[in-house]
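Chain by chain, the residues:
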Amino acid sequence: WGSPTIDTASGDVYIVTGNPSCDATYGPAIVQLNASNLTELAKWVVPTSEQSAGDADFGSTPVLFSATIGGTLKQLVGAINKDGIFFAFDRTSIGAGPVWQATIANPSGDPAKGSIISAAWDGTRLIVASGVSCTASINALNPANGTFLWRTCQSSHMFGGITEVPGVVVEGNLAGSVLFLNASTGATLKSYSAGSSEVEGECAVSNGVVYIPFGNGSLIAIGQ
């Protein structure tokens, strides 16, 4: 149910798929396609032994990032699954399986307890979200191995993808608030609330203005 991600350097498209009820060959999986003709280049399917852990389908959008692993710079792609695991792959060998994986959320078929939140990459750290030890959390990961750089516990569940601009992480929640966090430390810089309507979609930032989509159909723009 996520959007495709395009690697403009290689001309490849990455998609993730949902439950295997229709076709176990392609679900749940990450699939690499040729952008010019959509032929399949590679794929990796979540192992059957893991698919019962919390309705293991992907509901997020893949994120492109890079990391130095074993002294070599690798071009990676990753996505969070509803089994609570963020999987990271070498873009040149998707079929070989994850180069690392990290447990971000509790495995659950309920997106408010597992995770369908698309990650963000700022050139240094991966920002991911959902809950493990608390209702929900926003977290920064080391792109080379998936270890946590910082974690912040949140009191409300989140659905929308992570938005990041230089130095600031922006994320809305189901309590109707938008959080602004320091990307280096996870400290809260500011929070904004526009009432009780849920923020289920991803916020957007342009020219210093933050655009917030609310569940009641409103789109609100706030400035600095």
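In what follows, the structure referred to is the one given above.
Quick caveat, the model's predicted, so the values are computed rather than measured.

Colleague: For the overall build of the protein chain, give the residues involved together with the corresponding values.
Modeller: Within the protein chain, the secondary structure is distributed over one helix and 19 strands. Relative to the compact-globule value of 17 Å for 224 residues, the protein chain shows a C-alpha radius of gyration of 17 Å, a close match. Each principal axis of the C-alpha atoms in the protein chain carries an extent, and together these give about 45 × 40 × 35 Å. The proportion of buried residues among the 224 residues of the protein chain is 49%. A total accessible area of about 9700 Å² is found for the protein chain, and carbon and sulfur atoms account for 51% of it. When the 8 basic and 16 acidic side-chain charges of the protein chain are each reduced to a single mean position, those positions are 6 Å apart.

Colleague: If you had to explain the sheet that holds strand S7 (residues 85-90) to someone new, which residues and values would you point to?
Modeller: Reading across from one edge, S5-S6-S7-S8 is the order of the four strands in this open sheet, with antiparallel pairing throughout. With one partner strand each, in any of the chains shown, strand S5 (63-69) and strand S8 (100-103) form the two edges of the open sheet. Direction aside, the axes of adjacent strands within the sheet are offset by 30° on average. Looking at chain direction, S7 and S8 are connected through four bridges and run antiparallel.

Colleague: Report on the pattern of salt bridges, specifying residues and quantitative values.
Modeller: Within this structure, the stated rule accounts for five salt bridges. Notably, a salt bridge pairs Lys-82 with Asp-57, separated by 3.1 Å at the nearest N-O pair. Placement of the pair is Lys-82 in the loop between strand S6 (72-80) and S7 and Asp-57 in the loop between helix H1 (48-51) and S5, with a sequence separation of 25 residues. According to the relative accessible area criterion, Lys-82 is buried, its value standing at 4%.

Colleague: I'd like a rundown of the pairing of strand S15 (residues 177-182), residues and numbers included.
Modeller: Most of S15 sits out of view: five of its six residues are buried. As judged from the five bridges shared by strand S14 (residues 168-172) and S15, these two strands associate in the antiparallel manner. Across the sheet, Val-169 pairs through a bridge with Leu-181, a residue of S15. Taking the residues that link successive antiparallel strands as the turn, the S14-S15 hairpin has four residues, and the phi of Gly-176 there is positive, at about 90°. Looking at chain direction, S15 and strand S16 (residues 188-193) are connected through five bridges and run antiparallel.

Colleague: Now, about the sheet that holds strand S1 (residues 5-7): what can you tell me, with residues and values included?
Modeller: Taken in spatial order, the four strands line up as S1-S2-S3-S4 in an open sheet, and their pairing is antiparallel. Looking at which strands have only one partner, the edges of the open sheet turn out to be S1 and strand S4 (40-45). Ignoring strand direction, the axes of neighbouring strands in this sheet form an average angle of 20°. Pairing between S1 and strand S2 (residues 12-16): three bridges, direction antiparallel. Residue pairing across strands places Thr-5 opposite Tyr-14, the latter belonging to S2.

Colleague: Provide a residue-level description of the packing of aromatic side chains, including the pertinent values.
Modeller: For the structure on display, the rule yields seven aromatic pairs. The interplanar angle of 35° and the centroid separation of 6.5 Å between the aromatic rings of Phe-87 and Phe-89 together place this pair among those described as tilted. By relative accessible area, which is 1% here, Phe-89 ends up buried. Among the aromatic side chains, those forming a connected cluster through ring pairs are Trp-44, Phe-58, Phe-87 and Phe-89. It is Lys-43 that lies over the ring of Tyr-26; its NZ or CZ is 5.3 Å from the centre. Sitting over the face of the ring of Phe-148, Arg-151 holds its NZ or CZ atom 4.1 Å from the ring centroid.

Colleague: Outline the pairing of strand S11 (residues 136-141), listing residues and values.
Modeller: Of all six residues in S11, six are buried; the element is thus mostly enclosed. Side-chain alternation along S11 places Ala-136, Ile-138 and Ala-140 on one buried face and Ser-137, Asn-139 and Leu-141 on a second face that is also buried. Strand direction decides the pairing type here: strand S10 (residues 126-130) and S11, joined by five bridges, are antiparallel. Following the sheet pairing, Leu-126 is matched in S11 by Leu-141. The antiparallel hairpin formed by S11 and strand S12 (residues 148-154) contains six residues in its connecting segment, where Gly-146 sits at a positive phi of about 80°.

Cut-off values and rules
- Residue positions are given per chain, counted from 1 along the sequence in the order it is written.
- Whole-chain, interface and lining totals are the exception, using all residues; otherwise, since this is a predicted model, local features are given only for residues with pLDDT of at least 70 and side-chain atom pairs are given and counted only at 80 or more.
- As a convention, hydrogens and water are excluded, and side-chain values are obtained from all of the structure's heavy atoms.
- Put simply, DSSP marks the helices as runs of H or I at least four residues long and the strands as runs of E at least two long, and each gets a number from the N terminus on.
- It is over C-alpha atoms that the radius of gyration is taken, and the globule rule equals 2.2 Å times the number of residues to the power 0.38.
- Note on exposure labels: buried denotes an accessible area under 20% of the residue type's maximum, exposed denotes more than 50%, and partly exposed covers the range between, all computed with a 1.4 Å probe on protein chains only.
- For accessible areas, the Shrake-Rupley method is used with a probe of radius 1.4 Å. Any residue's cover is judged against the shown protein chains and nothing else.
- Only four residue types enter the charge count, namely Lys and Arg as positive and Asp and Glu as negative; His and the chain termini do not.
- Where a charge sits is defined by one atom per residue type, namely NZ (Lys), CZ (Arg), CG (Asp) or CD (Glu).
- Note: two strands are recorded as paired if DSSP finds a minimum of 2 bridges between them.
- Angular values range over 0 to 180 degrees, each being the angle between N-to-C directions of two axes fitted as lines to C-alpha atoms, with helices fitted over their stretch in contact.
- Any Lys or Arg side-chain nitrogen located within 4 Å of an Asp or Glu carboxyl oxygen qualifies as a salt bridge.
- Note on ring pairs: Phe, Tyr and Trp rings are taken, using the six-membered ring of Trp, and paired if centres are within 6.5 Å. Classes follow the plane angle, with under 30 degrees stacked, over 60 edge-to-face and the rest tilted.
- The criterion is that NZ of a Lys, or CZ of an Arg, lies within 6 Å of the ring centre and within 35 degrees of the ring normal, and then a charge sits over that ring.

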